[in-house]
Amino acid sequence: MKTGIFICHCGHNIKHTVDVKKVSEYFKRFPGVVVSDDYPFVCSEPGQDMIQEAIRKHCLDRVIIASCTPSLHEELFKDVLKKADLNPFLLRRVGIREHCSWVGDDPELNTGKAIRLIKAGLYASAHYVPLEEKRVDVVKSGLIVGGGVSGLSAALFLSKMGMHVYLVEKDAELGGHVRLLKDVWPAREDGSAIVSRMVNELQTRENVEIFTSTTITEFEGFFGNYQATLNTSSGEKKVTAGGVVVAIGFTPFDPRLKPELNYGNDNRIMTTLEFESRKDSLALPENPRVAVLHCVGSRDEQAGRPYCSRVCCINALRVGDAVKDRYKDSYVESFYMDVRAHPKGGEEFFEDTQEKGVLFTRSNISEINLGPGGVILRGEDTLFGEPFEREFDLAVFSIGMSPPVDSKRISSLLKITLDKDKFFLEAHIKLRPFDTAVKGIFIAGSCSGPKDVEESINHGRASALKLYGFLNLGYAFVDPFISWVDPKRCSGCRMCEKACVAKAIRFDEEKRIVHVEEAACMGCGLCNSTCPSSAVNLKGHMDSYIDDEIGALMEVM
Amino acid sequence: MLEGRNAKNPEIIGFACSYCTFKASEMAGSLRMKYPDGVKLVQVPCSSRVDPAFVIKAVFEGADGVFVAGCHPGDCHFIKGNYFTRRKVAALKEMFDTFSIKDKLHLFWVSAAEGRRFVEKVSGMYNEIKEKKNAGKTN
Ligand code: SF4
Ligand code: SF4
């Protein structure tokens with residue numbers, strides 16, 4: 001066996017607490033290790049070339065790359081092996097950044113840990129066998145869950161690329177929240193106009209099937225071939241799609257969850273949304289006093305919404321702007337924590353509203369009481385550290401975005417993960433912001449975290465593009481990590497069959513042993529750890545790999 | 001330090017599911033959260049891949065603690081894998097109990113989003129084991 005070990009400095013990231021030289025020297029004395037080098041950036045082009053060259057020059061048959069976490073750059077490094085005509089499954093990644101240099105401060109301990117981790121990779125990879133990526137046929141159609149602007153733009157994109165689209169919306173009408181907005185920042189366009197342009201175009205397209213008032217009730221299958229059961233108003237319908245874009249949006253924060261603010265008990269207290277639709281018919285006195293509250297249901301640990309909702313500052317600013325436009329001598333006071341005037345032009349707009357005379361008070365509002373002459377805000381000025389109490393004719397709440405009501409249900413149906421705030425979790429926040437951990441299932445729009453209209457549209461389009469990339473050839477390659485039964489060892493006890501949720505294990509009545517149906521196997525390895533005869537082994541995660549990894553991690557050096 | 005195990009610091013081996021706990025550990029890493037170097041992970045596709053033999057092997061090789069970690073019940077990427085894990089670990093615990101080493105084995109549920117929880121769990125376990133390991137020892 002000829003193993004090449006490449007240890008990445010990741011610039012300063014790994015090198016500053018791991019003695020990379022010591023590590024590469026350490027492995028030079030191992031039998032079978034023909035290359036053990038450290039390098040500033042192994043993922044850079046020269047780094048990749050170096051690995052390729054080493055594979056060719058030394059006829060390497062195992063490659064260990066110790067760098068960032070294994071899931072990062074996985075495809076990139078597999079390609080390096082392929083280019084050097086080496087089976088990509090003979091690669092072992094060892095995470096000495098996320099699992100070592102970034103979580104420990106002591107260079108000596110970290111160096112020792114890096115050595116242990118690499119050793120585990122070295123011992124395990126000795127057992128590796130070349131595997132073939134499995135080619136699977138994929139259905140060239142996409143299922144879009146959610147008919148808001150994200151889902152609509154995803155559907156439009158896919159259908160334009162010639163792919164069949166099923167668009168599912170739980171409400172009776174398409175367009176989500178944007179349909180209800182009168183004036184969408186920054187173009188100041190009517191939300192319903194934006195939506196109907198998209199809907200009209202979709203309706204002309206033959207390859208789009210739209211299901212409104214519809215929910216998904218069942219979901220099964222695997223990448224390239226998912227089956228969903230739709231509960232439509234006219235009964236059940238089954239559709240097959242190669243992949244899915246989940247774009248189920250958000251739920252507006254309900255200010256009733258903060259009862260101290262008295263929302264819902266008085267028509268002088270409203271949300272920015274209500275203000276939008278009612279601003280022409282408000283019965284306000286001549287020189288009205290208007291309070292605008294930022295961050296209602298955002299950046300609020302107690303309300304379970306610790307995150308910033310991004311769009312609500314701009315909405316709050318626009319209330320002040322509208323009031324000042326209508327009533328020159330009005331008194332408008334905005335109560336904010338920080339102003340995060342997020343989208344393009346927002347900061348300038350913030351200055352404009354200040355010039356128009358909107359007052360900004362950095363504060364915490366603790367309660368709103370109802371009085372005969374107005375609503376009374378009590379709070380603390382957090383710059384001066386002083387409590388205050390002020391009366392207004394109107395209080396407008398800029399409410400944040402809560403996760404979609406359906407997020408829990410959809411996450412368990414589709415087996416995609418939620419983050420701690422119950423929005424959907426990206427496979428990697430920076431490098432794979434559209435992917436979920438499940439192959440072929442993507443997320444778009446504010447169901448993965450608050451977004452404005454423009455971002456949601458872009459997100460929808462980008463997810464659709466990724467899905468298109470997966471499906472457009474009509475076939476795709478997936479990891480061959482599936483189980484295999486050794487017929488010589490199988491006793492036919494059928495324990496594995498009972499355990500397998502995917503129903504991938506078949507019993508051969510004649511031979512009285514089982515085999516694994518490759519197309520159905522999900523690669524969990526449960527059968528493997530259940531079989532009393534050690535007859536099943538999961539490719540890519542064999543008993544021998546894990547056994548030796550454990551041994552290496554505990555070896556006294 | 002490269003020459004041997006530190007007699008006072010525990011060595012912990014954790015089996016972490018690719019879809020949740022291993023992801024959480026990646027998140028903890030990218031947020032630069034600190035936890036003891038004695039905690040080392042073995043990545044498995046699902047917590048249900050963990051053969052009881054792996055846990056026993058880790059203890060035989062000298063691990064002071066072993067944990068198995070997966071997605072919260074009901075959230076398994078492979079649908080029911082973690083229920084099997086729970087049963088297997090419960091059975092193992094009973095076996096460990098007869099050898100009075102029950103405290104060596106832990107089971108956590110840590111989802112992909114819970115980087116902080118991951119650090120809390122592994123550090124908590126580490127400190128607990130370290131205390132026991134060093135009880136009565138001087139220097
Ligand atoms: S559990 Fe093992 S021995 Fe029993 S049927 Fe399955 S593969 Fe064969
Ligand atoms: S690996 Fe999982 S899905 Fe595949 S046969 Fe075994 S138990 Fe079934």
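For the structure given in this document, a descriptive report is provided here. (Residues numbered from 1 in each chain as written. Chains lettered and ligands numbered in written order. Predicted model: local features only at pLDDT ≥ 70, side-chain atom pairs only at ≥ 80, totals over all residues. Heavy atoms only, no water.)

**A word on the overall build of chain A**
- Along the backbone of chain A there are 15 helices and 27 strands.
- A principal-axis box enclosing the C-alpha atoms of chain A has dimensions of 90 × 60 × 40 Å.
- Out of the 557 residues in chain A, the part that is buried amounts to 56%.
- If you take every contact in chain A between residues at least 6 apart in sequence, the share linking residues at least 24 apart comes to 68%.
- Surface accessibility of chain A: about 24,200 Å² in total, with carbon and sulfur atoms responsible for 50%.
- Where the 69 positive side-chain charges of chain A centre and where its 78 negative ones centre are 4 Å apart. (Helix = DSSP H or I, 4+ residues; strand = E, 2+ residues; numbered from the N terminus. Buried < 20%, exposed > 50% of the residue type's maximum accessible area, 1.4 Å probe, protein only. Contact = heavy atoms within 4.5 Å. Areas by Shrake-Rupley, 256 points an atom, 1.4 Å probe, with all protein chains shown as cover. Lys, Arg positive; Asp, Glu negative; His and termini not counted. Charge placed at Lys NZ, Arg CZ, Asp CG, Glu CD.)

**Remarks on the interface of chain B and chain A**
- Listed by partner, the interface residues are 51 residues for chain B and 55 residues for chain A.
- Carbon and sulfur atoms supply 63% of the area that chain B and chain A bury against each other, a total of about 4,600 Å² over both sides.
- At the boundary of chain B and chain A, one finds three salt bridges.
- A salt bridge links arginine 116 of chain A to glutamate 11 of chain B; its shortest N-O distance comes to 3.3 Å.
- Elements represented by at least two residues in the side of chain B that touches chain A include exactly strand S1 (12–17), helix H1 (21–30), strand S2 (39–44), helix H2 (52–60) and helix H3 (81–98) of chain B.
- For the side of chain B that touches chain A, a count of residues per class yields 26 nonpolar, nine polar and 16 charged. (Buried area = accessible area lost by both parts, 1.4 Å probe. Salt bridge = Lys/Arg side-chain N within 4 Å of Asp/Glu carboxyl O. Nonpolar A, V, L, I, M, F, W, Y, C, P; charged D, E, K, R; others polar.)

**Some words on the site of ligand 2**
- Around ligand 2 sit Ser483, Cys500, Ala502, Ala504, Ile505, Val516, Cys521, Met522, Gly523, Cys524, Gly525 and Cys527 of chain A, and that is every residue in its neighbourhood.
- Of the residues that constitute the shell around ligand 2, the class distribution is nine nonpolar, three polar and no charged. (Near = heavy atom within 4 Å.)

**Notes on the site of ligand 1**
- Around ligand 1, the surrounding shell holds 14 residues, and the nearest of these are Cys490, Cys493, Arg494, Cys496 and Cys531 of chain A.
- In the shell around ligand 1, the residues fall into 10 nonpolar, three polar and one charged.

**Remarks on the pairing of S1 of chain B**
All names here are of chain B.
- Burial analysis of S1 places six of its six residues in the buried class, which makes it a mostly covered element.
- Going residue by residue along S1, you find Ile12, Gly14 and Ala16 tucked away on one face and Ile13, Phe15 and Cys17 tucked away on the opposite face as well.
- Relative to S2, S1 runs parallel, the two sharing six bridges. Each bridged residue has a counterpart across the sheet, and for alanine 16 the counterpart in S2 is glutamine 43.
- Following the chain from S1 across H1 to the adjacent parallel S2, one finds a crossover that is right-handed. (Pairing = 2+ DSSP bridges. Right-handed = clockwise from strand over helix to strand, strands pointing away.)

**Focus on the pattern of salt bridges**
Residue and element names in this part refer to chain A.
- This model, assessed by the stated rule, comprises 48 salt bridges over all chains.
- Across the pair aspartate 38 and lysine 21 runs a salt bridge, and its minimum N-O distance is 2.7 Å. With aspartate 38 in strand S2 (residues 33–39) and lysine 21 in helix H1 (residues 20–28), this pair connects stretches of sequence that are 17 residues apart.
- Classification of aspartate 38 as buried rests on a relative accessible area of 14%.
- A salt bridge links arginine 432 to aspartate 435; the nearest nitrogen and oxygen atoms lie 3.7 Å apart.

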